[in-house]
Amino acid sequence: MLEPMDAFFRARIDGYDEHMLTEIAGAKAFYPFTAEQLPDGAVSVLDLGCGTGLELVPYRARNPRAEITGIDLSQTMLDQLQVRWPGDPNLHLICGSYLDLPLGENLYDAAVSVESLHHFPPEEKLGLYRKLRRALRKGGFFVLTDYFAEGEREEQLYFQELRRRKAEQGIGEETLCHYDTPLTVEHEMAVLQEAGFAAVEVLARWENTCCVRAVR
Ligand SMILES: C[S@@+](CC[C@H](N)C(=O)[O-])C[C@H]1O[C@@H](n2cnc3c(N)ncnc32)[C@H](O)[C@@H]1O
């Protein structure tokens, strides 16, 4: 059964961190690696789909001066993140969809997203990446760590299966459900380039997860 995105994560909040760190291949390495790519000093960083902040823990340990804005659909996940740093004035949490929310212009030195964007088709990502690029300052960059389909056939099968399940359950095409539809990393990079990002490159791989960097 498909579940709405926020309900899916609300129902799995207990043990979420443990699950990610122990069940997702490469997670113990890719969270610190992703954090290492983010800038030093009194910078502004945007996290798309920050969840409970697993990528922010190693980053803030290294750079407590960073001002962080985290966006997530799930208030339950954000509440769990907030208890890590209660009352921290450098942490701004916004509950909503990064697909719909305005991200502003020239606000961030870097953006990051980990294990969140594999739920969306290329056309939605294109709009998001254009908006994200405008939100970055000159010289700013985006670090995307996510899991990717191994080939085009696999990519197509995920989207077909999501459409089939939505039709079967009478769920509208536009309803946001938790179902993984990863692109191939080549398609993801092409969408970033189409959105205007430059120097798009894969920095590291852990099985089917890659860390991609793209410069504004
Ligand atoms: C697997 S979790 C990853 C969370 C965190 N980045 C991590 O790696 O632990 C995916 C997160 O993305 C959030 N998410 C999915 N789609 C979203 C959207 N359109 N807007 C904001 N958050 C979204 C979910 O609510 C969830 O917290």
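Please refer to the structure higher up on the page.
Below, the structure is looked at part by part.

Procedures and definitions
- Residues numbered from 1 in each chain as written.
- Predicted model: local features only at pLDDT ≥ 70, side-chain atom pairs only at ≥ 80, totals over all residues.
- Axes fitted to C-alpha atoms, helices over the stretch in contact; angles between N-to-C directions.
- Helix = DSSP H or I, 4+ residues; strand = E, 2+ residues; numbered from the N terminus.
- Parallel < 35°, antiparallel > 145°, perpendicular 65-115°, else oblique.
- Left-handed = near helix turned anticlockwise from the far one by under 90°.
- Contact = placed C-beta atoms within 7 Å.
- Pairing = 2+ DSSP bridges.
- Buried ≥ 20, exposed ≤ 12 C-beta atoms within 10 Å, placed from the backbone.
- Right-handed = clockwise from strand over helix to strand, strands pointing away.
- Core = buried A, V, L, I, M, F, W, Y, C linked by C-beta atoms within 7 Å.

## Details of the packing of helix α6 (residues 122–135) against helix α8 (residues 185–194)
When two helices pack together, you describe them by how their axes are tilted relative to each other and by the distance separating the axes.
Line of reasoning, step 1. Between α6 and α8, whose axes approach to 9 Å, the crossing angle comes to 40°. By the angle class used here, α6 and α8 are oblique. In this structure, the crossing between α6 and α8 has a hand that is right-handed. Contacts between α6 and α8 pair P122, K125, L126 and Y129 from the former with H187, V191, L192 and E194 from the latter.

## What about the sheet that holds strand β7 (residues 209–215)?
Line of reasoning, step 1. If you trace the seven strands from one edge of the open sheet to the other, you get β3-β2-β1-β4-β5-β7-β6, paired in mixed fashion. Lying at the two open borders of the sheet, with one neighbouring strand each, are β3 (91–95) and β6 (198–206). Strand-to-strand, the axes of this sheet are offset by a mean angle of 15°, without reference to chain direction.
Line of reasoning, step 2. With five bridges joining them, strand β1 (residues 44–48) and strand β2 (residues 67–72) adopt parallel strand pairing. Bridge pairing in β2 links D47 to G70.
Line of reasoning, step 3. Here α8 sits on the sheet and contacts β6 and β7; the angle it forms with β7, its principal contact strand, is near 15°.

## Overview of the pairing of β1
Line of reasoning, step 1. With five of five residues buried, β1 lies mostly within the body of the structure.
Line of reasoning, step 2. Taking every second residue as pointing to the same face, both faces of β1 are buried, with S44, L46 and L48 on one and V45 and D47 on the other.
Line of reasoning, step 3. Read from β1 through helix α4 (residues 56–62) to β2, the crossover connection turns out right-handed.
Line of reasoning, step 4. Relative to strand β4 (residues 108–114), β1 runs parallel, the two sharing three bridges. Paired with V45 across the two strands is A110, which belongs to β4.

## Let's talk about the nonpolar core
Line of reasoning, step 1. Of all hydrophobic cores here, the largest spans 49 residues; its most connected members are V45, A110, A111, L132, F142 and V143.
Line of reasoning, step 2. Contact partners of V143, with chain neighbours within four places excluded, come to T34, Q37, L38, A110, V112, C211 and R213.

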